[in-house]
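# Inside the fold
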Amino acid sequence: MENTNDTYKTLGKPSEEVLFKEKKSKFYGYAYPIETEAEVKPIIESLKKKHHTANHVCYAWQIGVEQLSYRANDDGEPNNSAGMPIYGQIQSFEVTNTLVAVARIFGGTKLGVGGLISAYRTAAKMALENADIIEKIVQEQFKLNFEYAQMDVVMRVIKQKNLQIVSQKMEMQCELILSVRKQDVAQVKEIFVGIYGVELT
């Protein structure tokens, strides 16, 4: 893969529910694409409603591309026996902007910390194996300001370079917001800077 730093892997859509059984305990695994930490709580709350007999709904998430933030939550299981094994799977599948949650329904037999780690890890792995993992490109946005007279020249560059227009205001004074693949930003900016009357912000 050339220039790996401007692509990343995430989920295309939430995974189907998976079920892993260990000594009569049931571990239901789920994986979700997320963009912000604020999305986590409602998802976990809906899982707690869905599995209202679950003793624990443990989870881990990772957000970001260049600067990662993550959290792992054991939800009352012994320390690091649930959240971290789940997070380990997010790392091993190399996905980001992803939440993986596992709801456990206790089956009457204690698994011990080692058994828990293994079961949460397996359920998380199954959820991610079952997920639709896609590759996305890191995009950067910038704004162009120009007179209406420059429209043709600007649009030609946009077509040639296959650039994405995020928003546009077309009046006497035009404003475009473009989304450009990170590794192409410098080159694209240089072209626009070279066009008389075009301002970049």
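Everything numeric here is computed off the predicted structure, so don't read it as measured data. (Residues numbered from 1 in each chain as written. Predicted model: local features only at pLDDT ≥ 70, side-chain atom pairs only at ≥ 80, totals over all residues. Heavy atoms only, no water.)

This model, assessed by the stated rule, comprises 10 salt bridges. The partner of Lys13 in a salt bridge is Asp132, and the shortest N-O contact between them spans 3.7 Å. Here Asp132 lies in the loop between α3 (112–129) and β7 (133–137) and Lys13 lies in the loop between β1 (7–11) and β2 (18–22), a separation of 119 residues in the sequence. The class of Lys13 is partly exposed, set by a relative accessible area of 48%. For Arg104, the salt bridge identified is with Glu77, shortest N-O distance 2.9 Å. (Salt bridge = Lys/Arg side-chain N within 4 Å of Asp/Glu carboxyl O. Helix = DSSP H or I, 4+ residues; strand = E, 2+ residues; numbered from the N terminus. Buried < 20%, exposed > 50% of the residue type's maximum accessible area, 1.4 Å probe, protein only.)

Here the focus is the side chain of Arg104. As for its position among the elements, Arg104 is in strand β6 (residues 98–105). The exposure class of Arg104 is buried, given its relative accessible area of 5%. In this structure Arg104 touches Ser25, Lys26, Phe27, Ala54, Asn55, His56, Glu77, Thr109, Leu111, Leu116 and Tyr120, once residues within four positions along its chain are discounted. (Contact = heavy atoms within 4.5 Å.)

The next subject is the sheet that holds strand β5 (residues 69–73). An order of β2-β3-β6-β4-β5 is seen for the five strands of this open sheet, with the pairing classed as antiparallel. At either margin of the open sheet sits one strand with a lone partner, and together these are β2 and β5. In this sheet, adjacent strand axes meet at a mean angle of 15 degrees when their direction is disregarded. Summarising the sheet, strand β4 (residues 56–63) and β6 pair through seven bridges and their orientation is antiparallel. Looking across to β6, one finds that Trp61 is bridged to Leu99. Sheet strands in contact with helix α2 (residues 83–92) are β4, β5 and β6, and its direction is about 40 degrees off that of β4. Together, β2, β3 (25–33), β4 and β6 form the strand contacts of α3, whose direction differs from that of β3 by roughly 45 degrees. (Pairing = 2+ DSSP bridges. Axes fitted to C-alpha atoms, helices over the stretch in contact; angles between N-to-C directions.)

Relative to the helices and strands, Leu128 resides in helix α3. Measuring from C-alpha to C-alpha, the distance between Leu128 and Val18 comes to 9.6 Å, with 110 residues separating the pair along the chain. Leaving out residues up to four positions away in the same chain, Leu128 has contacts with Leu11, Ala31, Gln89, Ile90, Phe93, Val95, Thr98, Val100 and Ile133.

We now examine helix α1 (residues 40–50). Looking at α1, one finds that the buried residues are Val40, Ile43, Ile44 and Leu47. The arc that holds the buried residues of α1, viewed along the axis, is 95 degrees, so those residues lie on one side. Seen from the buried face of α1, the exposed residues on the opposite side, beyond 90 degrees, are Lys41 and Lys49. Where α1 is buried, its residues meet β3, β4 and β6. (Arc of directions from axis to C-beta.)

Another point: the sheet that holds strand β8 (residues 139–147). Overall, antiparallel pairing links the four strands, which are arranged β9-β10-β8-β11 in an open sheet. Two strands lie at the open edges of the sheet, namely β9 (164–169) and β11 (199–200), each paired on one side alone. Pairing of β8 with strand β10 (residues 173–181), which is carried by nine bridges, proceeds in the antiparallel orientation. Looking at the pairing, Phe142 lines up with Leu178 of β10. Against the sheet, helix α5 (residues 185–193) makes contact with β8, β10 and β11, and its axis sits at roughly 5 degrees relative to β8, the strand it touches most.

Right, let's talk about helix α4 (residues 151–160) for a bit. Taken residue by residue, α4 has Met151, Val154, Val157 and Ile158 as its buried positions. Axial view of α4: buried residues confined to an arc of 135 degrees, hence all on one face. Residues of α4 that are exposed and angled more than 90 degrees away from the buried face: Asp152, Arg156, Lys159 and Gln160. Tucked into the core, α4 has its buried residues touching β8, β9, β10 and α5. One or two steps after α4, the chain reaches Asn162, where phi turns positive at roughly 55 degrees.

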